[in-house]
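Single-letter residue listing:
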Amino acid sequence: MTKTIYYEIKQIHNHKYVIAATAKGLAFVGSPDKEISEIYSFYQHSKLIEDDKVIAPYYRQLKEFMDHKRTSFELSTDVSGTDFQEQVWHAVQDVPYGSTSNYSEIASTIGRPKAVRAVGTAIGRNPILMVIPCHRILTKDNKLGGFRAGLEMKKELLELESSNK
């Protein structure tokens, strides 16, 4: 089934982001400075339509977040994954702004304490960076761990949040 996805490539600070949404809500925030093709790793069968009007409210909130003017998002989303992925993403969304958790804690939160690696994999499949704040999830020994957008971006986001408490 082909999914219609509206997108724009928007500049926030020194990076360009692909921001995409469906008629239901935000569906994708790309890694900084990545090509639009990154969206196909999440939505293989999709029809992309460039549309600034659809993306404008999502862009505004993402920019406000990056500008220290917003600590949470008030927007609809349209993401789906496996039941396990969705459980992980919901648990990640419960980690407060300016705080961190770790893969083990997320695994325990969803009642799967031994599924630490699977939690990491689910976090890596998060299609909406920043909105599902996977940058707040660290390794058990408080190291950065992996991040789809790169460890430098993860570090930047954590610093942004810690400086805005």
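The rules behind these values
Residues numbered from 1 in each chain as written. Predicted model: local features only at pLDDT ≥ 70, side-chain atom pairs only at ≥ 80, totals over all residues. Heavy atoms only, no water. Buried < 20%, exposed > 50% of the residue type's maximum accessible area, 1.4 Å probe, protein only. Helix = DSSP H or I, 4+ residues; strand = E, 2+ residues; numbered from the N terminus. Arc of directions from axis to C-beta. Contact = heavy atoms within 4.5 Å. Phe/Tyr/Trp six-rings, centres within 6.5 Å; stacked < 30°, edge-to-face > 60°. Lys NZ or Arg CZ within 6 Å of the ring centre and 35° of its normal. Pairing = 2+ DSSP bridges. Axes fitted to C-alpha atoms, helices over the stretch in contact; angles between N-to-C directions. Salt bridge = Lys/Arg side-chain N within 4 Å of Asp/Glu carboxyl O. Polar contact = N/O pair within 3.5 Å; in protein donor to acceptor, adjacent residues only side chain to side chain.

**Points about helix α2 (residues 83-93)**
Every buried residue of α2 is listed here: F84, Q85, V88, W89, A91 and V92. Mapping the buried residues of α2 onto a view down its axis gives an arc of 160 degrees, with all of them on the same face. Opposite the buried face of α2, at more than 90 degrees from it, the exposed residues are D83 and H90. On its buried side, α2 packs onto α3 (103-109), α4 (116-124) and β6 (137-138).

**Focus: the packing of aromatic side chains**
The final tally for this structure, using the stated rule, is three aromatic pairs. Ring geometry for F28 against F42: centres 5.5 Å apart, planes inclined by 55 degrees, an arrangement best described as tilted. Within this pair, whereas F28 is found in strand β3 (residues 26-29), its partner F42 is found in the loop between β3 and β4 (46-50), the two being separated by 14 residues in sequence. An aromatic cluster of at least three residues, connected via ring pairs, comprises F65, F73 and Y97. Taking NZ or CZ as reference, K10 lies 4.8 Å from the ring centre of Y59, over its face.

**Observations regarding the environment of R117**
One can find R117 in helix α4. Taking C-alpha positions, R117 is 34 Å from R60, a pair spaced 57 residues apart along the chain.

**Observations concerning the sheet that holds strand β2 (residues 15-21)**
Spatially, four strands are ordered β3-β2-β1-β4 in an open sheet, and the strand pairing comes out mixed. Among the strands making up the open sheet, the edge pair consists of β3 and β4. With direction set aside, neighbouring strand axes in the sheet form an average angle of 30 degrees. As defined by bridge partners, strand β1 (residues 3-12) adjoins β4 across five bridges and the pair is classed as parallel. Looking at β4, one finds that I5 is bridged to L48.

**Details of the pattern of salt bridges**
Going through the model one piece at a time under the given rule, you end up with eight salt bridges. With a closest N to O distance of 2.8 Å, R136 and E161 form a salt bridge. Separated by 25 residues along the polypeptide, R136 in the loop between α4 and β6 and E161 in helix α5 (residues 151-162) bring together distant segments of the chain. Given the relative accessible area of 5%, R136 is considered buried.

**Details of α4**
Three or four residues apart is the spacing at which side chains of an α-helix point the same way, because the helix has 3.6 residues per turn. By the burial criterion, the buried members of α4 are V119, A122 and I123. Angular distribution of buried residues about the axis of α4 spans 100 degrees; they occupy a single face of the element. Seen from the buried face of α4, the exposed residues on the opposite side, beyond 90 degrees, are R117 and T121. For α4, the elements touching its buried residues are α2, α3 and β6.

**What to know about the side chain of N126**
With respect to the element layout, N126 can be found in the loop between α4 and β6. What makes N126 buried here is its relative accessible area of 0%. Looking at N126, its side chain comes within polar contact range of the main-chain nitrogen of I128, at 2.9 Å. At 2.8 Å, the side chain of N126 and the backbone oxygen of I132 are in polar contact. When neighbours within four sequence positions are excluded, N126 is seen to be in contact with F42, W89, I132, C134 and R148.

Interpretation note: all reported values are geometric properties and have no functional meaning in isolation.
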